[in-house]
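Notes for the structure review
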Amino acid sequence: MSTREFAAAAVDSETGWSPGKSLVAKITSGQNYNITPQLVSAIAAGLDMPREVVAAAAHLQTIGYTATELTTGAPATLIRTLGVEGPAGPKSSAVAERWDAEA
């Protein structure tokens, strides 16, 4: 799916707001952008995923989670969706090391 196609599919059902293709390109390329409730809702619609799971992904990306927060609800669903429970990749290893240091 192109950034233009995703932007067209990603529409916040409450406000009708949709990110432009340039914002979608920023997100996919890892550039800085502001996370807003409308953006979370629009991305959830574009991905056809529950809003709370997309919100959990945004939370994880921006401020992280504690280990106990990842046991239930949307955060745990997100981790299962990402497949982080399986063999650890570099990013998940870094998160696990941070949690070990905090414990």
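What you see is a predicted model; the values in this text were computed from it and never measured.

Here is what the cut-offs are and how they apply
- Residues numbered from 1 in each chain as written.
- Predicted model: local features only at pLDDT ≥ 70, side-chain atom pairs only at ≥ 80, totals over all residues.
- Heavy atoms only, no water.
- Helix = DSSP H or I, 4+ residues; strand = E, 2+ residues; numbered from the N terminus.
- Buried < 20%, exposed > 50% of the residue type's maximum accessible area, 1.4 Å probe, protein only.
- Contact = heavy atoms within 4.5 Å.
- Areas by Shrake-Rupley, 256 points an atom, 1.4 Å probe, with all protein chains shown as cover.
- Lys, Arg positive; Asp, Glu negative; His and termini not counted.
- Salt bridge = Lys/Arg side-chain N within 4 Å of Asp/Glu carboxyl O.
- Polar contact = N/O pair within 3.5 Å; in protein donor to acceptor, adjacent residues only side chain to side chain.
- pLDDT = per-residue confidence, 0-100.
- Core = buried A, V, L, I, M, F, W, Y, C linked by side-chain atoms within 4.5 Å.
- Axes fitted to C-alpha atoms, helices over the stretch in contact; angles between N-to-C directions.
- Parallel < 35°, antiparallel > 145°, perpendicular 65-115°, else oblique.
- Left-handed = near helix turned anticlockwise from the far one by under 90°.
- Nonpolar A, V, L, I, M, F, W, Y, C, P; charged D, E, K, R; others polar.

**Structural notes on the overall build of the chain**
- A count of helices and strands for the chain gives 6 helices and 0 strands.
- Of all 103 residues assigned to the chain, the portion counted as buried reaches 26%.
- Considering only intrachain contacts with a sequence separation of at least 6, the fraction spanning at least 24 residues in the chain is 30%.
- Total accessible area on the chain is roughly 6,700 Å²; 55% of this is exposed by carbon and sulfur atoms.

**Remarks on the environment of Gly20**
- With respect to the secondary-structure elements, Gly20 resides in the loop between α1 (3–9) and α2 (21–29).
- For Gly20, a relative accessible area of 37% corresponds to the partly exposed category.
- Once the C-alpha coordinates of Gly20 and Ala8 are considered, the two residues, 12 residues apart in sequence, prove to be 8.2 Å apart.

**Quick notes on the side chain of Asp12**
- By secondary structure assignment, the location of Asp12 is in the loop between α1 and α2.
- We note that Asp12 is buried and unpaired, the nearest opposite charge coming from Arg51 at a distance of 6.3 Å.
- Side chain to side chain, Asp12 and Thr15 meet in a polar contact 2.8 Å long.
- Once residues within four sequence positions are removed from consideration, Asp12 is found in contact with Trp17, Gln38, Ser41 and Ala42.

**Quick word on the confidence of the model for the chain**
- On average, the chain scores 79 in pLDDT, and the residues at 70 or more come to 70%.
- The weakest mean pLDDT in the chain belongs to helix α6 (residues 90–102) at 60; the strongest belongs to helix α3 (residues 37–47) at 94.

**Regarding the nonpolar core**
- Ranked by size, the top nonpolar core spans 12 residues in total: Phe6, Ala7, Ala10, Leu23, Val24, Leu39, Val40, Ala42, Ile43, Ala44, Val54 and Ala58.
- At the level of secondary structure, the elements contributing two or more residues to this core comprise α1, α2, α3 and α4 (51–62).
- It is α3 that provides the largest number of residues to this core, a total of 5 residues.

**A short note on unusual backbone geometry**
- The phi torsion at Asp48 lies on the positive side, around 55°, for a residue other than glycine.
- Here Asp48 is to be found in the loop between α3 and α4.
- Given the relative accessible area of 71%, Asp48 is considered exposed.

**Quick notes on the packing of α3 against α4**
- At their nearest, the axes of α3 and α4 sit 8 Å apart, and the two run at 120° to each other. On the basis of the axis angle, α3 is oblique to α4. The handedness of the crossing between α3 and α4 comes out as right-handed. Here Pro37, Val40, Ser41, Ile43 and Ala44 of α3 come into contact with α4, specifically with Arg51, Val54, Ala55 and Ala58.
- In the contact of α3 with α4, the residues fall into 7 nonpolar, 1 polar and 1 charged.

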